[in-house]
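Topology and contacts: notes
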2 protein chains.
Amino acid sequence: MPEFFNVRSPSQAFDDLRPHISAITERETIPATSALGRVIADEIHSPEDLPTFPKSTMDGFSVRARDTFGASETLPAMLEVVADIPTGTGPDAALNVGEAAVAYTGGALAHNADAVVMIERTQPADESSIEVLRPVAPGENVIQVGEDVHTGDALFSPGHTIRPQDIGGLLALGITDVPVLRKPRVAIVSTGDELVAPDTSPPPGKIRDINTYTIAARVVQCGAEPVIIGLAPDEYEPQLQAARDGIRTADALIFS
Amino acid sequence: MPEFFNVRSPSQAFDDLRPHISAITERETIPATSALGRVIADEIHSPEDLPTFPKSTMDGFSVRARDTFGASETLPAMLEVVADIPTGTGPDAALNVGEAAVAYTGGALAHNADAVVMIERTQPADESSIEVLRPVAPGENVIQVGEDVHTGDALFSPGHTIRPQDIGGLLALGITDVPVLRKPRVAIVSTGDELVAPDTSPPPGKIRDINTYTIAARVVQCGAEPVIIGLAPDEYEPQLQAARDGIRTADALIFS
């Protein structure tokens, strides 16, 4: 009796294949907004600090922290509100001793301010003054320049697959174009004398080719591009030709 | 102190939204080969049996099972091989008493055959005959007509999201076009006086809009189509206008 099969386990087969696999190195630069699912080609470093300005994490008042030291409910610190710095505007005021500026979540602090007092920790004193009921430490309720990301920080390594949040992270730093690897092209050949195209009615003994399209959809899911070579009969020469066609036009070949 | 927030939990918010949500009913018919990730619109029934012919699950010989009854290693059943029915061809022979036909995995049986004997359970007797060393029961090693799918079987229900293997299943039955629901369109508005487009350099106090594109990528991942409406400042009228633009052109609106 001849041996019918010479079966190898998937891991054995992969060990055999591995030495013949070379990584794709061709790259292209594409808009970050179109990069979902693509694979980063080069290490990406931050071109700037984030945030670019000291930013309040609370609604309240930017202050010189030392002006609040010792403040309490019974002995509040009285500060004069000299400016209002809406979110989206730059700090157009500078604080002197005993002064504060209205601050918003995500907004800038006044010049000379080094902390933010939550509005809940203040009460109005008169039309232009507030009482601060608790002290704040320098830096409190403030995201410092570069606290999220520093200029030059490594953001992504080669081989990273881009997720939605990565697109946001890139754009936050003004990185609107990203170097990505070319998508792998995967050629697909289905073999078998019994196969006919799915849009035909199989004569007796034949069946429709479904592997081609099932595999193609999986290839798409994996982030690669299917290249459909077509059907090959159960003969050596046509199968060899189909395999050659596949390898010539693609990075990988799936033969089923 | 005024209330700053009137916070609702996601489930509360969804309960509020639910009565206003109507399912998409517009449908389109698209090629099954392009339907990955799309949502089936109508119940799909099988137009035919699968397989369409009795099919061998083994390499061996199709036989009349009764001709093998009582066969054993010491007293084999002798059968004359009267045909060879390669995979992909129809059964062009009919068996009489004491006859067999070469059968292949996935191939057809001879007419009158009702079982397949594995080649391992046979040995050659002479050039045109075999000895069967063990009996087979009727139906053994055979997939009957319609055993995988019967004509009229429900294959998919409305709302099913098409996976690669579903594409294969549809094509196996000759279903090359599928009715799917239109993709939901999701309008996206980012609000905030502090926002500038990601391809600009933010002046002091401003930041780049990243929510629009992060959300758009998530919308794509969910199988829907993002419709980017743009930025709206922190004012009621422009935000209302942006929301109206979004709702007019899309099925849902994400306001961030």
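Residues numbered from 1 in each chain as written. Chains lettered and ligands numbered in written order. Predicted model: local features only at pLDDT ≥ 70, side-chain atom pairs only at ≥ 80, totals over all residues. Heavy atoms only, no water.

**A short note on the interface of chain A and chain B**
Taken together, the contact pairs 40 residues of chain A with 40 residues of chain B. Buried area between chain A and chain B, both sides added, is near 3300 Å², and the carbon and sulfur share of it is 71%. Linking chain A with chain B are two salt bridges. Arg-208 of chain B is the partner of Glu-48 of chain A in a salt bridge, and the nearest nitrogen-oxygen pair spans 2.8 Å. Our enumeration of links across chain A and chain B arrives at 10 residue pairs in polar contact (both at pLDDT 80 or more). Mapped onto the side of chain A that touches chain B, the elements with two or more residues apiece are helix 2 (164-172), strand 15 (207-208) and helix 3 (211-221) of chain A. Of the residues contributing to the side of chain A that touches chain B, the split by class is 18 nonpolar, 13 polar and nine charged. (Contact = heavy atoms within 4.5 Å. Buried area = accessible area lost by both parts, 1.4 Å probe. Salt bridge = Lys/Arg side-chain N within 4 Å of Asp/Glu carboxyl O. Polar contact = N/O pair within 3.5 Å; in protein donor to acceptor, adjacent residues only side chain to side chain. Helix = DSSP H or I, 4+ residues; strand = E, 2+ residues; numbered from the N terminus. Nonpolar A, V, L, I, M, F, W, Y, C, P; charged D, E, K, R; others polar.)

**Focus on the relation of the copies chain A and chain B**
Aligned on chain B, chain A shows an RMSD of 0.1 Å; the corresponding rotation is 180 degrees and the shift along the axis is 0.0 Å. Such a combination of turn and shift is consistent with a two-fold rotation axis. When C-alpha distances to the rotation axis are compared across chain A, the minimum falls at Gln-221 of chain A, with a value of 5.6 Å. When the interface residues of chain A are mapped onto chain B, 100% of them again lie at the interface, so the same face is used by both copies. (Least-squares fit on C-alpha atoms with pLDDT ≥ 70 in both.)

**What to know about the pattern of salt bridges**
If charged atoms from side chains of opposite charge come close, those side chains can pair. All names here are of chain A. One pass over the structure, following the stated rule, counts 18 salt bridges over all chains. Between Arg-8 and Asp-16 there is a salt bridge, with its nearest N and O atoms 2.8 Å apart. The partly exposed category is assigned to Asp-16, whose relative accessible area is 39%. Between Arg-182 and Glu-26 there is a salt bridge, with the nearest N and O atoms lying 2.9 Å from each other. (Buried < 20%, exposed > 50% of the residue type's maximum accessible area, 1.4 Å probe, protein only.)

**A short note on the environment of Asp-193 of chain A**
Residue placement: Asp-193 of chain A occurs in the loop between strand 13 (185-191) and strand 14 (195-196). Once residues lying within four places of it in the same chain are set aside, the contact partners of Asp-193 of chain A are Lys-206, Pro-233 and Asp-234 of chain A together with Thr-87 and Gly-88 of chain B. A distance of 2.8 Å separates a polar atom in the side chain of Asp-193 of chain A from the backbone nitrogen of Asp-234 of chain A.

**A few points about the sheet that holds strand 5 (residues 77-84) of chain B**
All names here are of chain B. If you walk across this open sheet you meet the six strands as 7-4-6-5-9-8, and the pairing is mixed. Looking at the sheet topology across the chains shown, the edges are occupied by strand 7 (115-118) and strand 8 (122-126). Between one strand and the next, the sheet's axes are offset by a mean angle of 40 degrees, whatever the strand orientation. Bridging between strand 4 (residues 60-63) and strand 6 (residues 99-103) involves four bridges; their strand directions are antiparallel. (Pairing = 2+ DSSP bridges. Axes fitted to C-alpha atoms, helices over the stretch in contact; angles between N-to-C directions.)

**Some thoughts on the domain arrangement of chain A**
By convention, interface size is frequently given as the accessible area that disappears when the constituent parts associate. Each assigned domain of chain A is listed here: domain 1 (10-37 + 182-255) and domain 2 (55-143). Relative placement of domain 1 of chain A and domain 2 of chain A: their C-alpha centres are 64 Å apart. (Domains from an automatic or database assignment.)

**Structural notes on the sheet that holds strand 9 (residues 129-132) of chain A**
Residue and element names in this part refer to chain A. Strand order in the open sheet formed by six strands is 7-4-6-5-9-8, with mixed pairing between adjacent strands. In this open sheet, the two edge strands, each paired with only one partner strand, are strand 7 (115-118) and strand 8 (122-126). When the angles between neighbouring strand axes are averaged without regard to direction, this sheet yields 40 degrees.

**Section: the nonpolar core**
Of all hydrophobic cores here, the largest spans 18 residues; its most connected members are Ile-44, Ile-162, Leu-170, Ile-175 and Val-178 of chain A. The set of elements that each furnish at least two residues to this core consists of helix 2 and strand 12 (177-181) of chain A. The residues contacting Val-178 of chain A, other than those within four sequence positions of it, are Glu-28, Thr-29, Ile-30, Ala-32, Ala-35, Ile-44, Ile-162 and Leu-170 of chain A. Formed by 16 residues, the second largest nonpolar core is a distinct cluster that contains Ile-40, Ile-44, Val-149 and Leu-171 of chain B. (Core = buried A, V, L, I, M, F, W, Y, C linked by side-chain atoms within 4.5 Å.)

**Describing the side chain of Thr-212 of chain A**
The topology assignment puts Thr-212 of chain A in helix 3. Setting aside residues no more than four positions away along its own chain, Thr-212 of chain A makes contact with Ile-188, Ser-190 and Ile-228 of chain A.

**Here we look at a nonpolar patch on the surface**
Taken together, the side chains of Phe-14, Leu-17 and Ile-21 of chain A define a hydrophobic patch exposed on the protein surface, amounting to about 290 Å² of accessible area. You can see Ile-21 of chain A is positioned in the loop between helix 1 (10-17) and strand 1 (27-31). (Patch = residues over 30% accessible without salt bridge, like charges linked within 9 Å, V, L, I, M, F, W, Y side chains within 5 Å. Areas by Shrake-Rupley, 256 points an atom, 1.4 Å probe, with all protein chains shown as cover.)

**Section: helix 4 (residues 236-249) of chain A**
Structural remark: α-helix, 3.6 residues per turn; residues separated by three or four positions point the same way. Residues and elements named next belong to chain A. Relative to the 20 Å expected for 14 residues at 1.5 Å per residue, helix 4 spans 20 Å between its end C-alpha atoms, a close match to the ideal helical length. Looking at helix 4, one finds that the buried residues are Gln-239, Ala-242, Ala-243 and Gly-246. Summarising the axial view, the buried residues of helix 4 lie within an arc of 100 degrees, below the 170-degree limit, and thus occupy one face. Exposed positions of helix 4 whose direction lies more than 90 degrees from the buried face are Glu-237, Arg-244 and Arg-248. Close packing links the buried residues of helix 4 with strand 13, strand 16 (225-232) and strand 17 (252-255). (Expected span 1.5 Å × (residues − 1). Arc of directions from axis to C-beta.)

**Notes on the environment of Leu-50 of chain B**
Residues and elements named next belong to chain B. Structurally, Leu-50 can be placed in the loop between strand 2 (44-45) and strand 3 (55-56). Distance from Leu-50 to Gln-144, taken between C-alpha atoms, is 8.7 Å for residues 94 residues apart in sequence. Dropping the residues within four chain positions of it, Leu-50 is found in contact with Gly-146, Glu-147, Asp-148, Val-149, Ala-172 and Leu-173.

**A closer look at unusual backbone geometry**
Residue and element names in this part refer to chain A. The step from Leu-50 to Pro-51 runs through a cis peptide bond, and the omega angle for that step is -5 degrees. Mapped onto the fold, Pro-51 is located in the loop between strand 2 (44-45) and strand 3 (55-56). Backbone geometry places Asn-141, a non-glycine residue, at a positive phi of 60 degrees. Examined against the element boundaries, Asn-141 turns out to sit in the loop between strand 9 and strand 10 (142-143).

**Quick word on the state of the cysteines**
Tallying each qualifying case throughout the model produces zero disulfides over all chains. With no disulfide partner, Cys-222 of chain B has as its closest neighbouring cysteine sulfur the one in Cys-222 of chain A, 19 Å distant. (Disulfide = S-S within 2.5 Å.)

**Overview of the side chain of Ser-56 of chain B**
Residues and elements named next belong to chain B. Examined against the element boundaries, Ser-56 turns out to sit in strand 3. Of the polar contacts made by the side chain of Ser-56, one reaches the backbone oxygen of Met-58; its length is 2.6 Å. Among all residues touching Ser-56, those that are not within four sequence positions of it are Ala-103, Tyr-104, Thr-105, Gly-106, Gly-107, Leu-109, Val-116 and Asn-141.

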